[in-house]
Amino acid sequence: MRIRTEAPGDEDAISAVTEVAFRNAPHSDQTEAAIIVELRRAHALTISLVATDADGAIVGHIAFSPVTVNGEDQGWYGLGPVSVTPTCQGQGIGRDLINDGIDRLRALGARGCVVLGDPAYYGRFDFRSNDALTYPGVPSEYFQALSLTGTMPAGVVAYHASFNAK
Ligand SMILES: CC(C)(COP(=O)(O)OP(=O)(O)OC[C@H]1O[C@@H](n2cnc3c(N)ncnc32)[C@H](O)[C@@H]1OP(=O)(O)O)[C@@H](O)C(=O)NCCC(=O)NCCS
């Protein structure tokens with residue numbers, strides 16, 4: 001398994017992995033592949049990584065895009081969507097994509113990252129929910145943040161408009 005940045009020509013395979021991974025996922029509205037397409041079109045895919053198998057086939061993908069806090073760019077990013085092809089799940093591919101992505105965010109000078117997802121999974125990467133940084137409309141334990149500077153901003157987070165893609 002290898003992780004590399006998305007390259008021209010990867011777009012359809014990324015959509016396919018995303019669709020198949022989320023097909024039976026709870027809480028999915030099946031818009032994840034469209035969100036990635038829209039983020040790419042809007043030049044808001046700050047980081048887009050693929051995991052490839054021994055044959056070079058794409059078996060996983062992760063996206064990071066800018067978020068705002070109280071409507072302002074504060075150097076924070078959102079993790080997701082993240083997908084691993086169902087037959088390849090549980091082998092650490094998701095973990096490697098997340099860790100590699102966070103390393104790259106840090107290298108870009110990002111101040112932190114948020115994620116919407118299962119705390120049992122994202123807690124492994126030190127994401128934690130907190131009372132100061134919030135995302136309306138979801139149970140607070142599912143919205144989690146990881147500071148890369150030691151400082152946690154306070155406010156309401158909004159994802160990029162591409163997350164409204166259908
Ligand atoms: C979430 C996902 C990317 C993880 O990829 P992966 O390669 O299977 O993950 P890893 O191999 O690194 O980790 C697997 C471990 O995480 C656990 N895990 C995976 N998804 C989980 C979830 N949603 N909630 C809690 N635990 C989860 C597995 O049970 C496994 O636990 P174990 O190590 O104790 O056996 C993958 O399961 C996936 O594509 N899911 C469907 C799409 C999705 O839900 N994406 C995330 C939305 S926020």
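Figured I'd write up the structure that's included with this text. A quick note: this is a predicted structure, and the numbers were derived from the prediction, not measured.

Scoring rules and cut-offs
- Residues numbered from 1 in each chain as written.
- Predicted model: local features only at pLDDT ≥ 70, side-chain atom pairs only at ≥ 80, totals over all residues.
- Heavy atoms only, no water.
- Helix = DSSP H or I, 4+ residues; strand = E, 2+ residues; numbered from the N terminus.
- Buried < 20%, exposed > 50% of the residue type's maximum accessible area, 1.4 Å probe, protein only.
- Contact = heavy atoms within 4.5 Å.
- Areas by Shrake-Rupley, 256 points an atom, 1.4 Å probe, with all protein chains shown as cover.
- Lys, Arg positive; Asp, Glu negative; His and termini not counted.
- Charge placed at Lys NZ, Arg CZ, Asp CG, Glu CD.
- Near = heavy atom within 4 Å.
- Polar contact = N/O pair within 3.5 Å; in protein donor to acceptor, adjacent residues only side chain to side chain.
- Nonpolar A, V, L, I, M, F, W, Y, C, P; charged D, E, K, R; others polar.
- Core = buried A, V, L, I, M, F, W, Y, C linked by side-chain atoms within 4.5 Å.
- Pairing = 2+ DSSP bridges.
- Right-handed = clockwise from strand over helix to strand, strands pointing away.
- Expected span 1.5 Å × (residues − 1).
- Arc of directions from axis to C-beta.
- Salt bridge = Lys/Arg side-chain N within 4 Å of Asp/Glu carboxyl O.

### Digging into the overall build of the chain
Within the chain one finds four helices and eight strands. Helices (α) and strands (β) of the chain occur, in sequence order from the N terminus, as β-α-α-β-β-β-α-β-α-β-β-β. Dimensions of the chain, computed from the C-alpha atoms along their principal axes, are close to 45 × 30 × 30 Å. Burial status across the chain gives 47% buried among its 166 residues. In the chain, the share of contacts with a sequence separation of at least 24, taken over all contacts with a separation of at least 6, comes to 63%. For the chain, the accessible surface area stands at approximately 8500 Å², while carbon and sulfur atoms represent 49% of it. In the chain, which carries 12 positive and 19 negative side-chain charges, the distance between the mean positions of the two groups comes to 3 Å.

### Re the site of the ligand
By nearness alone, 17 residues border the ligand, and Val84, Gly90, Gly92, Gly94 and Arg95 come closest of all. Gln89 is positioned with one of its side-chain polar atoms (N or O) 3.4 Å from an oxygen atom of the ligand. Separating an oxygen atom of the ligand from a backbone N or O atom of Gly92 is a distance of 2.6 Å. When the ligand sits alone it has 880 Å² of accessible area, and the protein chains cover 65% of it. Looking at the shell around the ligand, the elements with two or more residues in it are helix H1 (11–22), strand S4 (72–84), helix H3 (93–107) and helix H4 (119–122). Here the shell around the ligand is composed, by residue class, of eight nonpolar, six polar and three charged.

### A look at the nonpolar core
Nonpolar side chains in soluble globular proteins tend to end up buried together. Counting residues in each nonpolar core, the largest one holds 25 residues, and the members touching the most others are Ile62, Leu79, Leu97, Leu105, Tyr122 and Phe127. Looking at this core, the elements that each hand over two or more residues are strand S2 (47–52), strand S3 (58–69), S4, H3 and strand S5 (112–116). When residues in this core are grouped by element, the largest group, five residues, is from H3. Tyr122 has contacts with Leu79, Val82, Ile98, Val115, Gly117, Phe127 and Gln144, leaving out every residue within four places of it along the chain.

### Quick word on the pairing of S4
Counted residue by residue, S4 has 10 buried out of 13 residues, so it is predominantly covered. Inspection of the sheet shows S3 paired to S4 by eight bridges, in the antiparallel sense. Paired with Val69 across the bridge in S4 is Glu72. Hairpin connection of S3 to S4: two residues between the antiparallel strands, including Asn70 at a positive phi of 50°. What joins S4 to S5 is H3, and the crossover it makes is right-handed.

### With respect to H1
If you check H1, its first and last C-alpha atoms are 17 Å apart, about what 12 residues at 1.5 Å a residue would give, namely 16 Å. Of the positions making up H1, those classed as buried are Ile14, Ser15, Val17, Thr18, Ala21 and Phe22. Taken around the axis of H1, the buried residues stretch over an arc of 165°, which confines them to a single face. Looking at the buried positions of H1, the neighbouring elements they touch are helix H2 (32–41), S2, S3 and S4.

### Some words on the pattern of salt bridges
The full count for this structure, using the stated rule, is seven salt bridges. Here Arg4 and Asp10 are joined by a salt bridge, their closest N and O atoms 2.7 Å apart. Neither residue differs from the other here; Arg4 and Asp10 are each classed as buried. In this structure, Glu38 and Arg41 form a salt bridge, with 2.6 Å as the shortest nitrogen-oxygen distance. In this pair, Glu38 and Arg41 are both assigned in helix H2, three residues apart and thus about one turn of the helix distant. With relative accessibility at 25%, the residue Glu38 sits in the partly exposed group.

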